[in-house]
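# Remarks on the overall topology
Listed below are the residues making up each chain.
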Amino acid sequence: MTSPLVTHFFDEPTNTFSYVVQDPDSKACAILDSVLDFDYAAGRTDVRSAEEIIAHVREHDLDVEWILETHVHADHLSAAPYLHERLGGKTGIGANITIVQDVFGKAFNAGTEFARDGSQFDALFKEGDTFTIGGLEGHVLHTPGHTPACLTYVIGDAAFVGDTLFMPDFGTARCDFPGGDARALYQSIQKVLALPPDTRLFMCHDYKAPQRDVFKHETTVAEQRAANIHVHDGVSEDDFVRMRTERDATLAMPKLIIPSVQVNMRGGDMPPAEDNGQVYLKVPVNKL
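Here's a quick rundown of the structure.

## Examining the layout of surface pockets
Its boundaries defined by the atoms lining it, the largest pocket holds a volume of some 770 Å³. Along the walls of the largest pocket sit 35 residues, with Thr14, Asn15, Asp75, Tyr207 and Pro254 positioned nearest its centre. Breaking the lining of the largest pocket down by element, the ones donating at least two residues are strand 4 (37–39), strand 5 (44–46) and helix 6 (237–248). Its residues assigned to classes, the lining of the largest pocket comprises 16 nonpolar, seven polar and twelve charged. A volume near 210 Å³ is recorded for the second largest pocket. Surrounding the second largest pocket, 15 residues form its lining, Phe38, Gly43, Val279, Tyr280 and Leu281 being those nearest its centre. Of all the elements in the fold, those that place two or more residues in the lining of the second largest pocket are strand 5 and helix 7 (257–264). Here the lining of the second largest pocket gets three residues from one element, more than from any other, and that element is helix 7. For the lining of the second largest pocket, a count of residues per class yields nine nonpolar, four polar and two charged.

Put into structure tokens, the structure is as follows:
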């Protein structure tokens, strides 16, 4: 099985890993789960994180074929439009983005100008779809539970799991956002853990579990099955749902959920400017 070249980039303020995934036999690559820096208190964006990726792509003379999202992130803003403008490439996300757009379009009263058909993206992937990165073939697993639109991209011997799984010592993703479902997450995780044991799994986030001093981004199917604290082999679906539901009830909302969802449901674009030419992000009071 082909082993893609994977380069990770870490944004510590949002604990997010982004990736450049390269075909080892060509200059073709894909970018996954990029970050647009955002100072919420000041209402200011920056492209420092995106520029790190751009510098890597240009240094290695890579050809960006895809800019992919594993889901509509609630903890960071996507830099996909900026990267698309600078580097080209088609954008892709799960086909159930339309469900997320409908739910949050209503929550933020986005108006009729906000298309809820996923048209902000070039490709809407479903279970079993394939795509290519040079000579590499990517396969799509629909892995809902954290959100309805979550995907896992399986590219050669590597799988990019988004927020479905964390490192084994940290566990699994929350399921209490609108459209989340702990039972669906368990079933999605079983789909990922049915991949070959030596499949490399790349995390979207890491928060350094207790007793661990460094951030980590890569594990394997075998390691997850043996040691994931929430969902190792032998954990039943009912036990997982009970644990996940109780744990989620104790969690605070992500710090950037309000700006992130408004932007990411639009494919990384800001809401349209108002009649004074200024762009605004809304805060729905007592809604989420």
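## Some details on the sheet that holds strand 2 (residues 16–22)
What the six strands build is an open sheet, ordered 1-2-3-6-7-8; its pairing is mixed. Looking at which strands have only one partner, the edges of the open sheet turn out to be strand 1 (5–11) and strand 8 (123–125). For this sheet the average axis-to-axis angle between neighbouring strands, irrespective of direction, equals 25 degrees. Pairing geometry for strand 3 (residues 28–32) and strand 6 (residues 63–68), over five bridges, is parallel. Residue Ala28 lies in a different strand from strand 6, and its bridge partner there is Asp63. Running at roughly 165 degrees to strand 6, helix 2 (residues 80–87) makes contact with strand 3 and strand 6 of the sheet.

## Thoughts on empty space enclosed by the protein
Throughout the structure, instances matching the rule amount to three cavities of 30 Å³ or more. Taken together, Val72, Ala74, Val100, Phe104, His146, Thr147, Pro148, Phe177, Pro178 and Val261 make up the lining of the largest cavity. Here the residues of the lining of the largest cavity sort into eight nonpolar, two polar and no charged.

## Topic: helix 2
Where helix 2 is concerned, the buried positions are Ala80, Leu83 and Leu87. Each buried residue of helix 2 lies within a common arc of 65 degrees when the element is viewed along its axis, so the set occupies one face. Summarising the contacts, the buried residues of helix 2 are in contact with strand 3, helix 1 (48–59) and strand 6. After helix 2 finishes, the residue Gly88 shows a positive phi value of roughly 80 degrees.

The rules behind each value
- Residues numbered from 1 in each chain as written.
- Predicted model: local features only at pLDDT ≥ 70, side-chain atom pairs only at ≥ 80, totals over all residues.
- Heavy atoms only, no water.
- 1 Å grid on protein atoms, 1.4 Å probe; cavity = no way out; pocket = protein on both sides within 12 Å on 5 of 7 lines; lining within 4 Å.
- Points joined across faces, edges and corners; volume = space filled by probe spheres on them.
- Helix = DSSP H or I, 4+ residues; strand = E, 2+ residues; numbered from the N terminus.
- Nonpolar A, V, L, I, M, F, W, Y, C, P; charged D, E, K, R; others polar.
- Pairing = 2+ DSSP bridges.
- Axes fitted to C-alpha atoms, helices over the stretch in contact; angles between N-to-C directions.
- Contact = heavy atoms within 4.5 Å.
- Buried < 20%, exposed > 50% of the residue type's maximum accessible area, 1.4 Å probe, protein only.
- Arc of directions from axis to C-beta.

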